[in-house]
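# Residue-level structure breakdown
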Amino acid sequence: MLSFILRRVFVSTLLLLGATFIMYLLTAASGDPLRDLRESREPNRDELIRIRSEQLNLDVPAPLRYFLWLSGAARCLIPFANACDLGVNVRNQQVTELLPIALGSTIQLLTGATLLAIVFGIIIGIVSALRQNTGFDLTVTFLVFLMFSLPSFFIAVLLKEFIAIGFNDFLADPNIPPAVLIGIGLVSGIIWQSIIGGDRRRRITVFAVSALATSGVFALMDAINWFRFPGIGPVALPLIAIGIAILTTTLFAGLQSRRALVTGLIAAALSIATYFSVQGLFDISTAGTIIIVGSILTAAGIAVGFFAGGYDRGVYMRIGGVTAALSFIVIVIDRFMQSWDDYFTDRSINGRPIATVGASTPTLDGDMWILGIDSFTHFLLPTLALVLISLASYTRYVRAGMLEVLNQDYIRTARAKGLGERTVVMRHAFRNSLIPLATFIPVDIAAVVGGAIITEQVFSISGMGQLFIRALSNVDPNPVMAYFVIVAVVVLIANLIADLSYAVLDPRVKAPQ
Amino acid sequence: MRTLHPRRRRFAVGVAGLGVAALALTACTTTAEPGDDTTDDAAPTGGTVTIAEVNELSGFNVATPTGNVDINNQVAYFTQAGFFYLDTAPEVVYDESFGTVELVSEDPLTVTYTVNEGVTWSDGEPIDADDMILAWAAASGYYDDAVFDDAGEQTAGNVYFTPAGSTAGIDLTSFPEVGDDGRSITLTYSEPFADWNLFAPTGVPAHVVAEQAGLDPEGLVEFFQGLPEGDEANPQEANPELRALADFWNTGFDFASLPSDPSLYLASGPYIVSEWDAGQSVTLVRNESYTGDLVPAFDQVVIRFIADSTAQVQALQNGEVDIINPQASADTLASLEAISGVEVQTGPTGSYDHIDLNFGSEVFADPAVREAFLKTIPREQIVEALIRPLDPEAEVLNSQTLFIGVPGYDDAIANNGSADFAEVDIEGARELLAGQTPTVRIAYNNANPNRVDAFLAIQASAQEAGFIIEDGGLGADVWGAALGQPDTWDAFIFGWSTVGVGVVGNPQLFGTGGGGNFGGYSNPEVDAIWDELVVTADPDAQLELILEAENLIWADHFGLPLFILPGVQAIGPNVEGVEYNAWQTGPIWNFWEWTPAS
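Residues numbered from 1 in each chain as written. Chains lettered and ligands numbered in written order. Predicted model: local features only at pLDDT ≥ 70, side-chain atom pairs only at ≥ 80, totals over all residues. Heavy atoms only, no water.

## Some thoughts on the overall build of chain A
In plain terms, the rule: Secondary structure elements follow DSSP: runs of H or I no shorter than four residues count as helices, runs of E no shorter than two count as strands, and numbering proceeds from the N terminus. Here the term buried applies to any residue with accessible area under 20% of the maximum for its type, exposed to any over 50%, and partly exposed to those in between, with areas from a 1.4 Å probe on protein chains only. Only heavy atoms matter for contacts: two residues are in contact if any of them lie within 4.5 Å across the pair. Note that accessible areas follow from Shrake-Rupley with a 1.4 Å probe, and for residues the cover is restricted to the protein chains shown. The charged-residue count follows a simple rule in which Lys and Arg add positive charge and Asp and Glu add negative charge, with His and chain termini not counted at all. Note on charges: their place is set at NZ of Lys, CZ of Arg, CG of Asp or CD of Glu.
Tallying secondary structure elements over chain A gives 21 helices and zero strands in all. Looking at chain A residue by residue over its 513 residues, the buried ones come to 46%. Pairs at least 24 apart in sequence give 70% of the contacts found in chain A among residues at least 6 apart. Carbon and sulfur atoms provide 70% of the accessible area of chain A, an area that totals close to 24500 Å². Side chains of chain A give 36 positive and 33 negative charges; the mean places of these two sets differ by 13 Å.

## Examining the state of the cysteines
All names here are of chain A. Applied cut-off: Any cysteine sulfur atom paired with another within 2.5 Å is treated as part of a disulfide.
Scanning all chains against the criterion turns up one disulfide over all chains. Disulfide pairing places cysteine 76 opposite cysteine 84 at an S-S distance of 1.8 Å. On the sign convention where negative means left-handed, the S-S torsion of about 90° between cysteine 76 and cysteine 84 marks this disulfide as right-handed. Judged by its relative accessible area of 30%, cysteine 76 is partly exposed. The partly exposed category is assigned to cysteine 84, whose relative accessible area is 32%.

## Let's talk about the UniProt feature "domain: ABC transmembrane type-1" (unreviewed entry) in chain A
To keep things clear, this is the line we draw: UniProt positions are given in the numbering used here, feature names are shortened, and annotations may be inferred rather than shown by experiment.
According to UniProt, the feature "domain: ABC transmembrane type-1" (unreviewed entry) maps to residues 103-498 of chain A in the numbering used here. Taken end to end, residues 103-498 of chain A has its terminal C-alpha atoms 23 Å apart, with 80% of it in helix and 0% in strand.

## Examining the domain arrangement of chain B
Residue and element names in this part refer to chain B. Spelled out, the test is: The domain limits used here are those given by an automatic or database domain assignment. Accessible area, probed at 1.4 Å, shrinks when two parts are joined; the buried area is that loss added up over both. We define a salt bridge as a side-chain nitrogen of Lys or Arg found within 4 Å of a carboxyl oxygen belonging to Asp or Glu. Under the convention adopted here, Pro, Cys and the residues Ala, Val, Leu, Ile, Met, Phe, Trp and Tyr are nonpolar, Asp, Glu, Lys and Arg are charged, and Gly plus all remaining residues are polar.
We note that the domain assignment places domain 1 (2-18 + 78-251) and domain 2 (351-564) within chain B. Relative to domain 2, the C-alpha centre of domain 1 lies at a distance of 38 Å. Residue-level contacts link 12 residues of domain 1 with 15 residues of domain 2. Buried surface at the junction of domain 1 and domain 2, summed over both partners, amounts to about 970 Å²; 64% is from carbon and sulfur atoms. A per-residue breakdown of the area domain 1 buries against domain 2 is headed by Pro90, Ala194 and Asp195, which together make up 43% of the total. For the pair domain 1 and domain 2, the interface holds zero salt bridges. Of the residues contributing to the side of domain 1 that touches domain 2, the split by class is nine nonpolar, no polar and three charged.

## Let's talk about the UniProt feature "domain: Solute-binding protein family" (unreviewed entry) in chain B
In the numbering used here, UniProt assigns the "domain: Solute-binding protein family" (unreviewed entry) feature to residues 104-503 of chain B. Secondary structure across residues 104-503 of chain B comprises 27% helix and 20% strand; the distance between its end C-alpha atoms is 22 Å.

## Some points on the side chain of serine 58 of chain B
Mapping serine 58 of chain B onto the fold places it in the loop between β1 (48-53) and α3 (70-79). Judged by relative accessible area, which is 1%, serine 58 of chain B ranks as buried. Those residues within four positions of serine 58 of chain B in sequence are excluded, and the remaining contacts are Arg91 and Gln93 of chain A together with Thr66, Val69, Asn72, Phe253, Asp254, Phe255 and Trp276 of chain B.

## Things to note about the pattern of salt bridges
Residue and element names in this part refer to chain A. What the rule picks out here adds up to 20 salt bridges over all chains. For arginine 8, the salt bridge goes to aspartate 499, with nearest N and O atoms at 2.7 Å. Within this pair, whereas arginine 8 is found in helix α1 (residues 2-29), its partner aspartate 499 is found in helix α21 (residues 477-505), the two being separated by 491 residues in sequence. Its relative accessible area of 23% is what places arginine 8 among the partly exposed residues. The partly exposed category is assigned to aspartate 499, whose relative accessible area is 37%. Residue arginine 50 pairs with glutamate 47 through a salt bridge whose shortest N-O separation is 3.0 Å. Note that arginine 50 and glutamate 47 are positioned in helix α3 (residues 45-55) at a spacing of three residues, about one turn of the helix.

## Things to note about the packing of aromatic side chains
Rules: Here the aromatic set is Phe, Tyr and Trp, taking the six-membered ring for Trp, and pairing holds for ring centres within 6.5 Å; pairs whose planes are under 30 degrees apart are stacked, those over 60 apart are edge-to-face, and all others are tilted.
A full pass over the atoms with the stated rule returns 60 aromatic pairs over all chains. Between phenylalanine 170 of chain A and phenylalanine 227 of chain A, the aromatic rings sit 5.5 Å apart at their centres with planes inclined by 75°, giving edge-to-face as the arrangement. With phenylalanine 170 of chain A in helix α7 (residues 152-172) and phenylalanine 227 of chain A in the loop between α9 (200-223) and α10 (233-252), the pair connects residues that are 57 residues apart, well separated along the chain. By relative accessible area, phenylalanine 227 of chain A is classed as buried at 14%. Seen from their ring centres, tyrosine 444 of chain B and phenylalanine 455 of chain B are 4.6 Å apart, and the 25° between their planes marks the pair as stacked. Of the two residues, tyrosine 444 of chain B sits in strand β15 (residues 439-445) while phenylalanine 455 of chain B sits in helix α14 (residues 449-464), which places them 11 residues apart along the sequence. For tyrosine 444 of chain B, a relative accessible area of 3% translates into the label buried. Put simply, the rings of Tyr77, Phe78, Tyr85, Tyr271, Phe591, Trp592 and Trp594 of chain B pair up and form one aromatic cluster.

## Here's the deal with the side chain of threonine 455 of chain A
Residues and elements named next belong to chain A. Along the chain, threonine 455 turns up in helix α19 (residues 453-458). We classify threonine 455 as buried; its relative accessible area is 4%. Ignoring anything within four residues of it in the chain, the contact list for threonine 455 reads Ser152, Pro382 and Leu386.

## Brief notes about the interface of chain B and chain A
Definition in use: Within 3.5 Å is the distance limit for a polar contact, defined as a pair of N or O atoms, with the added protein rule that one can donate a hydrogen and the other accept it, and that residues adjacent in sequence qualify only through two side-chain atoms.
Each side of the interface is counted separately: chain B has 77 residues, and chain A has 66 residues. Together chain B and chain A conceal approximately 5600 Å² of surface at their shared face, both sides included; 53% is due to carbon and sulfur atoms. Counting across the interface, chain B meets chain A through zero salt bridges. Summed over the shared surface of chain B and chain A, the number is 14 residue pairs in polar contact (both at pLDDT 80 or more). A per-element tally of the side of chain B that touches chain A places helix α8 (residues 309-317) of chain B first, with five residues. Tallied by class, the residues present in the side of chain B that touches chain A amount to 31 nonpolar, 33 polar and 13 charged.

## Some thoughts on the sheet that holds strand β9 (residues 184-188) of chain B
Residue and element names in this part refer to chain B. Worth spelling out the cut-off: A pair of strands is labelled paired if DSSP reports no fewer than 2 bridges between them.
Here four strands make up an open sheet; going across it, the order is β4-β5-β9-β8 and the pairing antiparallel. The open sheet has two free edges, formed respectively by β4 (99-106) and β8 (177-178), since each of these has just one partner strand. As defined by bridge partners, β4 adjoins strand β5 (residues 109-115) across seven bridges and the pair is classed as antiparallel. The residue bridging glutamate 102 from the neighbouring strand is threonine 112, located in β5.

Below, the structure is given as structure tokens:
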């Protein structure tokens with residue numbers, strides 16, 4: 001195992017050196033770094049060309065210039081020496097200063113988007129596998145591939161037009177016309193009946209109930225001006241917590257298990273108690289406080305499961321923990337919503353909360369709740385755009401994986417012993433269907449540091465993608481190389497992790513010798 | 001030792017855990033903010049105006065080649081006061097609340113610059129002679145004594161300051177005389193210099209440069225006075241103190257984020273940088289120590305970096321920015337006009353495309369062929385197709401040296417012979433060719449759609465007259481280098497940009513051996529005019545010389561200007577008083593006249 005890792009690291013290093021060399025030459029050959037100066041009609045054009053040539057060592061041929069760059073970059077490997085020299089860009093800015101800024105924005109943007117895409121991709125993939133070849137499956141397939149095929153700048157323009165500008169206009173006078181209310185209800189009814197399925201009668205019932213419920217909820221929200229003053233509040237929050245408890249119990253143990261349900265409900269009760277007791281603490285909270293309170297609550301939920309005991313102790317602990325954690329997220333969302341009005345009426349927001357560009361509102365200041373909302377309103381659209389685009393690959397992988405697993409003999413065996421459908425899917429099929437994901441999720445997470453060139457451009461988030469594309473358009477090799485090295489190293493590591501984890505997860509694959 | 005019962009032990013661990021958590025909790029909270037509405041209370045009274053810019057700020061010394069980019073110049077325009085600014089004409093407008101520029105004598109050309117008493121940097125340090133001497137030393141190359149070989153390699157001596165602008169003209173000055181008040185300097189030119197009025201000895205704070213370079217800021221004027229003028233005939237070892245000073249001046253103000261030392265971004269103008277959110281925006285607030293007249297109405301200016309034109313338009317529509325100045329395109333204009341409550345302004349810019357003929361190529365050796373070729377160029381059609389959709393008032397540019405709307409332009413086009421090329425004259429071209437079918441290779445940047453369209457129009461028209469046109473379109477990465485290889489083309493379509501003021505740029509475009517005269521045009525009469533022009537300080541005499549040269553250039557069939565690139569700026573409903581400006585400062589040129597909309 002160790003020799004395998006060492007061999008991989010050695011080969012990767014050689015690969016990296018070769019790739020950076022080629023990349024450097026390609027970047028240097030991609031254009032003329034003096035183009036703007038050649039077009040200049042300044043009397044001292046030649047002097048300007050001389051200065052820039054000196055600054056970027058343009059008088060050294062590119063293959064040799066690579067080694068100048070390499071000698072600076074190699075010093076980054078010396079620990080604690082702070083001798084890292086990745087060169088300067090065409091504006092004489094240190095690449096070592098530009099890189100952390102770009103990396104920070106990119107990670108901020110893409111971590112959320114990638115995680116959401118994975119979560120939703122798994123959920124949608126599994127549901128469409130379970131409803132294979134139904135209207136739901138085909139519609140989902142159609143939609144995710146439609147999003148996959150649309151250019152991201154186009155999705156971005158649409159999102160900005162309808163979700164940012166359109167929604168902000170709506171907020172100026174939030175009234176949902178009755179026709180729209182009915183429309184929302186119908187669409188939701190169609191979606192739910194196709195997910196839940198069953199015979200015609202059941203479908204009609206599901207359709208009617210969900211359509212009425214959705215329209216009703218929206219009508220209620222409209223009536224209490226919820227879109228302008230959103231909140232969950234002391235009435236809805238306990239209901240939601242109990243709902244989470246029931247849902248979690250249904251998924252993990254089934255409602256017939258009383259002990260599981262009681263565990264879930266106790267965890268929900270703990271969450272509700274927390275909700276009422278932490279409001280004062282939340283006003284003076286930082287992110288650290290939230291994490292600590294959340295961890296304690298989750299631990300308490302797990303403890304409830306532990307003390308519920310019995311042969312299914314593990315399941316109860318999971319139910320308690322998940323219920324508490326999800327409820328806590330709702331509690332935090334509720335607290336963000338309490339700050340919404342302050343945010344909404346701030347003069348730098350001026351009643352148009354959903355942003356189309358940037359990562360934050362300049363000149364806005366406030367506590368973590370205000371700033372948190374600000375991040376949310378700025379990252380909402382780019383995250384949505386990225387999730388919509390990348391959903392297709394996850395849903396397809398999960399759907400295929402799930403279908404393959406469902407056709408395995410051990411699933412038939414499980415069904416034959418009379419296990420319920422929920423147990424078969426959740427306990428026997430679900431986890432195994434995720435094994436193929438282990439190969440590409442690490443690589444996808446690694447690709448996060450590469451940024452999203454077009455999405456960053458259209459949403460003005462100055463991440464790695466922007467660093468790369470701007471440098472490339474200036475024929476500026478140093479930032480391009482920094483970008484390339486970071487991405488290459490992370491991807492190589494991720495590939496190694498993917499290979500190793502696959503061997504651990506799937507006993508059919510032996511650890512490489 | 002007594003051991004705890006397992007359950008008790010578990011309980012103890014739990015209690016300990018809770019204790020640790022409680023400690024961590026108290027460590028991880030902030031103090032409560034007074035009141036629940038802190039953000040509103042802190043907000044300034046005069047409001048904020050937000051501007052979208054394509055590029056991000058990269059430095060605070062705009063006199064260096066790396067610092068001299070649009071965005072840095074804009075921030076400097078907001079934060080640095082000066083002797084004058086340029087209006088939309090563009091003409092020099094003096095700001096007497098900062099200081100005075102006095103033309104003491106025309107022969108020898110002598111100019112005195114005096115900063116008003118009480119004008120200070122934002123750290124309280126007065127702006128005075130040492131700041132002006134530093135700016136002058138950098139702009140004039142007074143101390144440089146570098147020797148270069150034919151290949152352009154430096155063989156001896158030193159180049160200290162590397163200014164973005166040309167030292168030509170300023171290098172005619174001797175060491176400035178410092179006034180007794182310590183806040184005026186007098187420059188004496190050995191010969192008259194045509195663009196003397198565009199030079200202002202202002203720039204980065206000298207006391208900061210001196211401190212950073214390890215020199216005593218107090219003795220800076222004496223230090224400069226004590227140094228000998230650089231002499232290329234007698235190159236010296238580098239002066240280590242001047243080297244340090246110049247090195248800091250050259251590179252010390254380039255940044256990727258706001259430096260922790262506030263002395264590196266001192267202000268002398270109405271605003272000062274207060275925040276730079278790297279990659280996102282820069283925030284300017286009122287400079288409390290500003291005493292001048294250009295007092296803005298807005299308390300804050302936010303410049304957001306938005307590269308994408310569509311994103312700029314949608315940000316304006318969503319109220320996130322108030323003023324945008326995107327790259328003009330038909331799509332941008334159409335989407336801007338569809339937004340209600342937004343004022344759209346269009347007009348020309350300082351960039352224009354033109355076609356130059358290669359005087360070294362065989363086909364154009366005969367003036368008749370040059371004239372015939374120029375007669376076939378459908379300029380009106382090109383402007384109609386490419387420019388009027390964006391700027392309905394756009395006209396064909398009819399002068400090689402002056403811009404539409406600039407004083408003298410109307411006189412120039414009345415006499416320069418451009419009328420002969422106002423319309424396509426295929427018949428006239430045929431007569432001049434007298435049956436010849438010359439082959440002309442037209443080069444252009446084929447990644448620029450305007451130039452591709454212009455080429456196609458010219459090709460179609462010239463072929464009618466009997467020319468054989470070869471498509472010499474070149475990729476974006478190579479066409480710039482091809483300009484300097486005139487043996488590869490007969491005519492070249494490309495662009496220049498101009499700041500609209502100054503005359504000393506002309507010789508390098510139309511003078512023998514000029515750096516921008518790629519077609520090898522050479523007319524001794526024109527050269528003689530240029531020699532006179534660069535030492536002529538009187539604006540009327542300058543114009544006369546330019547008109548004279550203009551006639552000769554047109555008579556020689558140098559080439560043709562095609563069109564001025566259009567620009568567009570759009571203003572949201574929160575700001576009033578923004579005016580269109582074609583020149584470098586763009587829409588911000590009169591920021592002190594902006595007012596919040598009522």
